[in-house]
Amino acid sequence: MREPPKILVFDSGVGGLSVLAAVREHLPGCEFLFACDNAAFPYGTKGETELIERVDHVVGILARRWAPTLIVIACNSASTLALPRLRSRLSQPVVGVVPAIKPAAAQSTTKVIGLLGTEGTVGRLYTQQLINDFAHGCRVIPLGSSRLVEIAEQAMRGTPPNDAELRHILSPLFAEPALDTVVLACTHFPLLSRQLAAAAPRPVHWVDSGAAIARRTASLLPGWRPAADRGFSANFTSPTTLQGLYPTLADLGCHEITVCDTSDSHPFSTNNTSDKNIFNQIDRNDS
Ligand code: DGL
């Protein structure tokens, strides 16, 4: 029997889980690795050169080590910057996640759109180009919030967001009475979509890239056939912020967590004894 495609879904943090969910739903039966560069989190406030180098380094290691069929960079902050470098270096197709400006412009009636992302994403030239190309006649209001990224990280570790704080974060967008659409231009934010909608002072369209990325990924895997869901494994670059995530990861279908050091030159060799399934170890210790 033919091996299922191996899909690497990469982010700085838990935001990649929102993309993983959309891709898994669309492509059941594929083998998934959710890779999280939590050692270098957050990406959204990093300088551009530093971020390109970091993403190139870590994704390069993961690609050599795990040999995915396809790579999804499930991070707007990284995709709006590092895709040309990655695509020039990697043999696999690389799918990026960038702000869903085009569908938001099509959906908006008032043509006033909020762009909610990291500081990095909302300030990028790439994002401005998307606005120029696909949001003719629209007014796009940018709002960068690294705090919202933090809130999503905490939510996935069991701390629910505070409604008043979310309302405060969103207030610059909703100060514009004609706003009717908000682009969730950071993959962390769809994880809070229910809470953001509840905190918003009035209903608007919330637009993210998950479904479009899933369709794009499927289009690049023509030989793929649906099969039973196999869950996913997860790989982190640091053990330090992990433990609180175990219940969420287990609920979502994660069956293995590994942690790898990216500081040496061959950290992901299959002989590396530091690369252990710590998820199972913790389960055993807890029981
Ligand atoms: N999830 C990421 C994004 O889509 C990055 C968040 C961060 O590390 O700042 O931009």
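Residues numbered from 1 in each chain as written. Predicted model: local features only at pLDDT ≥ 70, side-chain atom pairs only at ≥ 80, totals over all residues. Heavy atoms only, no water.

Engineer: So what's going on with the overall build of the protein chain? Residues and values would help.
Structural biologist: Looking only at helices and strands, one finds 12 helices and 10 strands in the protein chain. Against the compact-globule benchmark of 19 Å for 287 residues, the protein chain has a radius of gyration of 19 Å, which places it among compact chains. With respect to the principal axes defined by its C-alpha atoms, the protein chain has extents near 60 × 40 × 40 Å. Taking all 287 residues of the protein chain together, the buried fraction comes to 55%. (Helix = DSSP H or I, 4+ residues; strand = E, 2+ residues; numbered from the N terminus. Rg over C-alpha atoms; globule rule 2.2 N^0.38 Å. Buried < 20%, exposed > 50% of the residue type's maximum accessible area, 1.4 Å probe, protein only.)

Engineer: Help me get a handle on the site of the ligand, residues and values and all.
Structural biologist: For the ligand, the set of nearby residues contains 14 residues, the closest of which are Ser-12, Tyr-43, Gly-44, Ser-77 and His-188. Thr-187 has a polar side-chain atom sitting 2.8 Å from a nitrogen atom of the ligand. Within the side chain of His-188, an N or O atom sits 2.8 Å from a nitrogen atom of the ligand. About the coverage of the ligand: the protein hides 99% of its 300 Å² of free accessible area. For the shell around the ligand, a count of residues per class yields 6 nonpolar, 7 polar and 1 charged. (Near = heavy atom within 4 Å. Polar contact = N/O pair within 3.5 Å; in protein donor to acceptor, adjacent residues only side chain to side chain. Areas by Shrake-Rupley, 256 points an atom, 1.4 Å probe, with all protein chains shown as cover. Nonpolar A, V, L, I, M, F, W, Y, C, P; charged D, E, K, R; others polar.)

Engineer: Account for the sheet that holds strand S9 (residues 232-236), with residues named and values stated.
Structural biologist: The strand order across the open sheet built from 6 strands is S4-S3-S1-S2-S9-S10, with neighbouring strands paired in parallel fashion. This sheet does not close on itself; its edge strands, each paired only once, are strand S4 (94-96) and strand S10 (254-259). Averaged over all neighbouring strand pairs, the angle between strand axes comes to 20 degrees, with direction disregarded. Here helix H1 (residues 16-26) sits on the sheet and contacts strand S1 (6-11), strand S2 (31-36), strand S3 (70-73) and S9; the angle it forms with S2, its principal contact strand, is near 170 degrees. Those strands touched by helix H2 (residues 48-66) are S1, S2, S3 and S9, and its axis lies near 160 degrees from that of S1. (Pairing = 2+ DSSP bridges. Axes fitted to C-alpha atoms, helices over the stretch in contact; angles between N-to-C directions. Contact = heavy atoms within 4.5 Å.)

Engineer: Summarise the state of the cysteines; cite the residues concerned and give the values.
Structural biologist: On inspection of all chains with the given rule, the structure shows 0 disulfides. Just so you know, Cys-30 is unpaired, no disulfide at all, and the nearest cysteine sulfur is the one on Cys-254, 17 Å from it. Cys-30 sits in the buried class, given a relative accessible area of 0%. Residue Cys-75 stays outside any disulfide, its sulfur separated by 6.8 Å from that of Cys-186, the closest cysteine. According to the relative accessible area criterion, Cys-75 is buried, its value standing at 4%. (Disulfide = S-S within 2.5 Å.)

Engineer: Pulling in residues and values, what's your account of the pairing of S1?
Structural biologist: For S1, the tally of buried residues reaches 5 of 6 residues, placing the bulk of the element in the interior. With 6 bridges joining them, S1 and S2 adopt parallel strand pairing. What sits directly across from Lys-6, in S2, is Glu-31. Read from S1 through H1 to S2, the crossover connection turns out right-handed. Relative to S3, S1 is paired through 4 bridges, and the arrangement is parallel. Counterpart to Phe-10 in the pairing with S3 is Ile-73. (Right-handed = clockwise from strand over helix to strand, strands pointing away.)

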